[in-house]
Amino acid sequence: MPETPEPAPRSTPTTTAAGSALRSGALGTADISFFVVSAAAPLTVMAGVAPVAILLGGIGAPAGYLLAGLTLTVFAVGFTAMSRHVRSGGAFYAYIARGLGKHVGIGAALLALVGYNGMEIGVYGLLGTTTADTGHALAGVDIPWPPVSLAGLLLIWYGGFRSIDFGAKLLGVLLVAETGILVLLAVGVLAEGGAHGLSAASFAPGAVLVPGTAAVLAFAFAAFTGFESTVIYRREARDPDRTIPRATYIAVAFLGLFYAFVVWTVIQAFGAEEVLTAAAADPGGLFFAAITTYVGPWAADLMHVFIVTSVIASLLAFHNAINRYVLALSEEGVLPAALGRVHPRHGSPYLAGAAQTVLGAVIVLVFALAGADPYQQLLLWVNTPGMIGLMALMLLAAIAVPVYFRRHVHAEGPWRTLVAPVTAAALLTVAIFLVVSKVGLFTAASTTVNTVLVAVVPAVFLLGLGLARRLKSRRPEVYARFAEDPTEAAAEPRAEAEAEVPRTPLEGAEPCPLPTPSSPEPESARSTPPARKPVR
């Protein structure tokens, strides 16, 4: 008889400390990859930022995206090795705490909250501007941005309120749309042979080793922000020891190769000399002009629509990541326990999502009432410290990896536990320096504003160190259990429960002749000693 096939894995609840349940086993490699790549918003990055990278770095800009991708691939080696040994839901801060100590870990936790919220909330300004641009381009109407941003908050809240697999399916559709329109552009350019024939000059040393490459690298590293969030979904992943590393490598490899390919394609569409002139004249229209020429005006209209959906996908991906960080910290006892509640039907951290939505609405309304520009101020001023904060977290995680593995017995090789993370730490230090030194290119703001935006990151981290000291002195039980794996956190309650289980009387001991509350019948009446109950 043929063997009966095993049933497909079903999403089952993972009980949280608050008695709620996440959907364990709900996400496969492709699902997690959709979350990560969607957070990066490939179409928005390409159409909105790549023209500026070309303008600053010349035709060597595609190589900058490849170099950034290689750097983050090296980081992923130690990062994914750590994911097989640290199973806490706290991701970045848990890795850092286990390697560099709980004080640094709590500082990292606060930095993660600010970083991810900064990356998401600022993008509501981008949602307003891209929707306004799309409405003007397609229908000639002027759409005010505040109502669009507030409507986006409600839409993203609902997407996060629903189950995680609902979000993965939605992101899959939106990601196919935004990458598909870029592939369509590339196919059109390649089919026509570009403006003057296809050339690999963009990857020649003379084109790459120019002063503007430093600025391109700063933009390129920013374009990968969010790829590290794969580990946040560990509790909802199928076979996380394999799914998480695979999704991480797929995401960073796809983004690096895809970014470089698309930027190279646009350069071919105009020609090496002409593309600089076109980018200087209208950077925001560069991709639309290319797709109009090589595919048709209808494709440019689709690109306008898909940029809006690209921003929505990015918002939903970051929203889900933030919710899971808040869930983990509420279970740790650092945040209020109520934020750790999970919806009984959808398996989503719905109160964490509601809190994040309210915070986003407050910030959007403050900028709107102040008459701020949604792009230049809401997006760039809120996004920039978030981006730098997440890069700082990556650096701390890279440093934590070799420290952790030096203290623990493991079967990992030196490439994963020492060489790759140390190399990644050095490269990330250079990357952070490039981003900070070129921060004016991101914000177009004054030196005073830029200084404040950069200073937010160390200030938040120092505030986290102060919180750690307060927890250690006033809530030592929370501090002691911070960033522990679920099995470790449960060890003490198990030991206490085991101590309370009645012991079987020793052989030869005098039995109790009368019933007691713990013994409904005399021990002498039993023919065989009772089996000891297993500890649950």
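Okay, so let's go over this structure.

Cut-offs applied
- Residues numbered from 1 in each chain as written.
- Predicted model: local features only at pLDDT ≥ 70, side-chain atom pairs only at ≥ 80, totals over all residues.
- Heavy atoms only, no water.
- Helix = DSSP H or I, 4+ residues; strand = E, 2+ residues; numbered from the N terminus.
- Buried < 20%, exposed > 50% of the residue type's maximum accessible area, 1.4 Å probe, protein only.
- Lys, Arg positive; Asp, Glu negative; His and termini not counted.
- Salt bridge = Lys/Arg side-chain N within 4 Å of Asp/Glu carboxyl O.
- Polar contact = N/O pair within 3.5 Å; in protein donor to acceptor, adjacent residues only side chain to side chain.
- Contact = heavy atoms within 4.5 Å.
- Axes fitted to C-alpha atoms, helices over the stretch in contact; angles between N-to-C directions.
- Parallel < 35°, antiparallel > 145°, perpendicular 65-115°, else oblique.
- Nonpolar A, V, L, I, M, F, W, Y, C, P; charged D, E, K, R; others polar.
- Core = buried A, V, L, I, M, F, W, Y, C linked by side-chain atoms within 4.5 Å.
- Phe/Tyr/Trp six-rings, centres within 6.5 Å; stacked < 30°, edge-to-face > 60°.
- Lys NZ or Arg CZ within 6 Å of the ring centre and 35° of its normal.

## Regarding the side chain of Glu-178
At step 1: Looking at the secondary structure, you find Glu-178 in helix α9 (residues 164-192).
At step 2: The buried charged residue Glu-178 lacks any salt bridge partner; its closest oppositely charged side chain belongs to Lys-169, at an N-O distance of 18 Å.
At step 3: A distance of 2.7 Å separates polar atoms of two side chains, one belonging to Glu-178 and the other to Ser-310.
At step 4: The residues contacting Glu-178, other than those within four sequence positions of it, are Ala-41, Pro-42, Leu-43, Phe-306, Ser-310 and Ala-313.

## Some remarks on the packing of helix α4 (residues 61-83) against helix α12 (residues 240-270)
At step 1: Relative to each other, α4 and α12 sit at 175°, their axes nearing to 9 Å. Accordingly, the angle class assigned to the pair α4 and α12 is roughly antiparallel.
At step 2: A breakdown of the residues in the contact of α4 with α12 according to their chemical character gives 17 nonpolar, six polar and one charged.

## Some details on the nonpolar core
At step 1: By size, the foremost hydrophobic cluster in this structure holds 157 residues, and its most contacted members are Met-46, Tyr-65, Phe-75, Tyr-116 and Phe-287.
At step 2: Residue contacts for Tyr-116: discarding those within four places in its chain leaves Phe-92, Glu-228, Ser-229, Ile-232, Phe-318, Ala-321, Ile-322, Tyr-325 and Leu-390.

## Topic: the pattern of salt bridges
At step 1: This structure, assessed with the given rule, holds five salt bridges.
At step 2: A salt bridge links Glu-236 to Arg-324; the shortest N-O distance between them is 2.7 Å. Of this pair, Glu-236 sits in the loop between α11 (213-223) and α12 while Arg-324 sits in helix α15 (residues 297-332); the two residues are 88 residues apart in sequence, bridging distant segments of the chain.
At step 3: Here Arg-324 falls in the buried class, since its relative accessible area comes to 3%.
At step 4: Connected through salt bridges with shared partners, the residues Arg-84, Glu-412 and Arg-416 form a single ionic network.

## With respect to the packing of aromatic side chains
At step 1: Under the counting rule described, the total for this entry stands at 17 aromatic pairs.
At step 2: A ring pair is formed by Tyr-404 and Phe-405, whose centres lie 5.2 Å apart and whose planes are at 80°; its orientation type is edge-to-face.
At step 3: Here a set of aromatic residues connected by ring pairs shows up, and it is made of Tyr-93, Tyr-116, Phe-318, Tyr-325 and Phe-482.
At step 4: The cationic tip of Arg-162 hangs over the ring face of Phe-166; the distance from NZ or CZ to the ring centre is 4.3 Å.

## A closer look at the environment of Val-252
At step 1: Among the secondary structure elements, Val-252 is positioned in helix α12.
At step 2: In sequence terms Val-252 and Gly-226 are 26 residues apart; their C-alpha atoms lie 10.0 Å from each other.
At step 3: In contact with Val-252, not counting residues within four places along its chain, are Gly-69, Leu-72, Thr-73, Phe-224 and Phe-227.

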